[in-house]
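# Summary of the model geometry
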Amino acid sequence: MNATSNNLVIGFIGLGAMGEGMVANLLAAGHAVRVYNRSAEKAAASVAKGAVLSDTPFAAAQDADIVITMLSNDAVLESVTLAENGVLAALKPGAVHLSMSTVSPETSRKLAALHADKGAQLLAAPVFGRPDMAAAKKLWICVSGHAPSIAIARPVLEAMSQGIFEFGDDPGAANVVKLSGNFMIASCVETMAEVATLAEKNGIKPEAVLGMLTSTIFACPMYQRYGELILKQDYAPGFKLSLGFKDMNLIQKVALESATPMPFLGIVQQRYLSAMAEGREGQDWSAIALNARHDAGLPVQRQF
């Protein structure tokens, strides 16, 4: 495989909310892309842009230079990778598997060892960004694992992102970073929800408070983006709340295993548990903001 080639053969598995935009950017960069999705109809848009539809993960990965998995959780990643017709069985020596899912560091380390036994490499390469950012080639990517394989994969990562950050040889390191970032996003949602609720309870327009704060001392994309969603109560799923709950549970496990106290994590995790119990698992993960309103005795549906 020529690491500088613009004509790599890529297998892409998992065309959820993020995958379609990522595939479109890979095609635009000149790569040949084979796609697999459990629900084949979700691949139609990618096929229309030039991707080739595969009927199994094995077929997508066979003879590929790089295989990308973008899947919902650890169990699905392991199943797709280790099944008889899965990714690992198909990988040729020297191939690179970019695991771009948000999963536990343990899963990445386990799968990386199995890949190395076969002469291939698994890199953890989780992303930060919502579907619109994936489509616009604006993802931020964390990556860790075998350094020479990162160099091989870099042109592919660049085709999908606005920035790549390396975190060393440990295949699980990038997952720790990704889970940490998701915890920080969830924490900022909880903080803004409490502030917006406090403002409303004291007769101040939440738009005025969050508008001032997110344009001055908290002028950053996360506060601005999620502040807007909270004010509009726009909880159409970009990243499902059930996945946010999964991620809080994953980072809690990492914290416990490394003896790292994270008191605020417990609060955010319980917010997700409450939202799940109230049937909000299909809403955007920022819908935990509704819990602050409920606890303060305000109508869950804000009166504009």
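Below is a short write-up of the structure. If you're wondering where the values come from, they're calculated on a predicted model, not measured in any experiment.

The number of helices and strands found in the protein chain is 14 helices and nine strands. In terms of overall dimensions, the protein chain is globule-like: its C-alpha atoms have a radius of gyration of 20 Å, near the 19 Å expected for 304 residues. With the principal axes as the frame, the protein chain shows a C-alpha extent of 65 × 45 × 35 Å. Split into buried and exposed, the 304 residues of the protein chain put 50% on the buried side. In the protein chain, of all internal contacts separated by at least 6 residues, the share reaching a separation of at least 24 is 67%. Roughly 13200 Å² of accessible area belongs to the protein chain as shown, and the carbon and sulfur atoms make up 59% of that amount.

So, about helix 12 (residues 241-257). Across its 17 residues, helix 12 extends 25 Å between first and last C-alpha, which sits within 8% of the 24 Å expected from 1.5 Å per residue. Within the sequence span of helix 12, burial applies to Leu241, Gly244, Phe245, Lys246, Asp247, Met248, Leu250, Ile251, Val254 and Ala255. In this structure, the buried side of helix 12 is in contact with helix 4 (74-82), helix 6 (105-117), helix 9 (173-201) and helix 13 (263-277). A positive backbone phi angle near 55° is found at Ala259, which sits one or two residues after helix 12.

Moving on to the pattern of salt bridges. Enumeration according to the criterion identifies 16 salt bridges in this entry. Its salt-bridge partner being Arg130, residue Asp284 comes within 2.9 Å of it at the nearest N-O pair. Within this pair, whereas Asp284 is found in the loop between helix 13 and helix 14 (289-295), its partner Arg130 is found in the loop between strand 7 (127-128) and helix 7 (131-135), the two being separated by 154 residues in sequence. According to the relative accessible area criterion, Arg130 is buried, its value standing at 11%. The salt bridge involving Glu278 is made with Arg280; its shortest N-O contact spans 2.7 Å. Under the relative-accessibility criterion, Glu278 is labelled partly exposed at 40%.

In spatial order, the strands read 7-8-9; together these three strands make up an open sheet with mixed pairing. Because the sheet does not close on itself, it has two edges, and the strands there are strand 7 and strand 9 (161-166). Where strand 7 meets strand 8 (residues 139-143), two bridges bridge the pair, whose relative direction is antiparallel. Of the residues in strand 8, the one forming a bridge with Phe128 is Trp140.

Quick look at the sheet that holds strand 5 (residues 96-99) now. Across the sheet, six strands lie side by side as 3-2-1-4-5-6; this open sheet has parallel pairing. Of all the strands in the sheet, just strand 3 (52-53) and strand 6 (121-124) have a single pairing partner and so form its edges. Across four bridges, the pairing between strand 1 (residues 9-13) and strand 4 (residues 66-69) is parallel. Across the sheet, the residue bridging to Ile13 is Thr69, located in strand 4.

Before going further, it helps to spend a moment on the state of the cysteines. Linking two cysteines covalently via their sulfur atoms produces the bond known as a disulfide. Under the criterion given, the structure shown has zero disulfides. Looking at the unpaired Cys142, the closest cysteine sulfur is the one in Cys220, lying at 16 Å. Cys220 forms no disulfide, and the closest cysteine sulfur to it belongs to Cys188, at a distance of 6.9 Å. A residue is classified by how much of its surface remains accessible, and Cys220, at 27% relative accessible area, is partly exposed.

Where helix 10 (residues 206-214) contacts helix 11 (residues 221-232), the axes come no closer than 10 Å and their chain directions differ by 175°. Judged by the inter-axis angle, helix 10 sits roughly antiparallel to helix 11. Contacts between helix 10 and helix 11 involve Pro206, Glu207, Leu210 and Thr214 on the former and, on the latter, Tyr223, Gln224, Gly227 and Leu231. Looking at the contact of helix 10 with helix 11, its residues break down into four nonpolar, three polar and one charged.

What follows covers the packing of aromatic side chains. The geometry of an aromatic ring pair is captured by the separation of the ring centres together with the interplanar angle, meaning the angle of the planes. Taken as a whole and judged by the stated rule, the model has five aromatic pairs. Pairing Tyr226 with Trp285 gives two aromatic rings, centres 6.3 Å apart and planes at 80°, and the pair type is edge-to-face. With Tyr226 in helix 11 and Trp285 in the loop between helix 13 and helix 14, this pair connects stretches of sequence that are 59 residues apart. For the pair formed by Tyr226 and Trp285, the shared burial category is buried.

Here is what the cut-offs are and how they apply
- Residues numbered from 1 in each chain as written.
- Predicted model: local features only at pLDDT ≥ 70, side-chain atom pairs only at ≥ 80, totals over all residues.
- Heavy atoms only, no water.
- Helix = DSSP H or I, 4+ residues; strand = E, 2+ residues; numbered from the N terminus.
- Rg over C-alpha atoms; globule rule 2.2 N^0.38 Å.
- Buried < 20%, exposed > 50% of the residue type's maximum accessible area, 1.4 Å probe, protein only.
- Contact = heavy atoms within 4.5 Å.
- Areas by Shrake-Rupley, 256 points an atom, 1.4 Å probe, with all protein chains shown as cover.
- Expected span 1.5 Å × (residues − 1).
- Salt bridge = Lys/Arg side-chain N within 4 Å of Asp/Glu carboxyl O.
- Pairing = 2+ DSSP bridges.
- Disulfide = S-S within 2.5 Å.
- Axes fitted to C-alpha atoms, helices over the stretch in contact; angles between N-to-C directions.
- Parallel < 35°, antiparallel > 145°, perpendicular 65-115°, else oblique.
- Nonpolar A, V, L, I, M, F, W, Y, C, P; charged D, E, K, R; others polar.
- Phe/Tyr/Trp six-rings, centres within 6.5 Å; stacked < 30°, edge-to-face > 60°.

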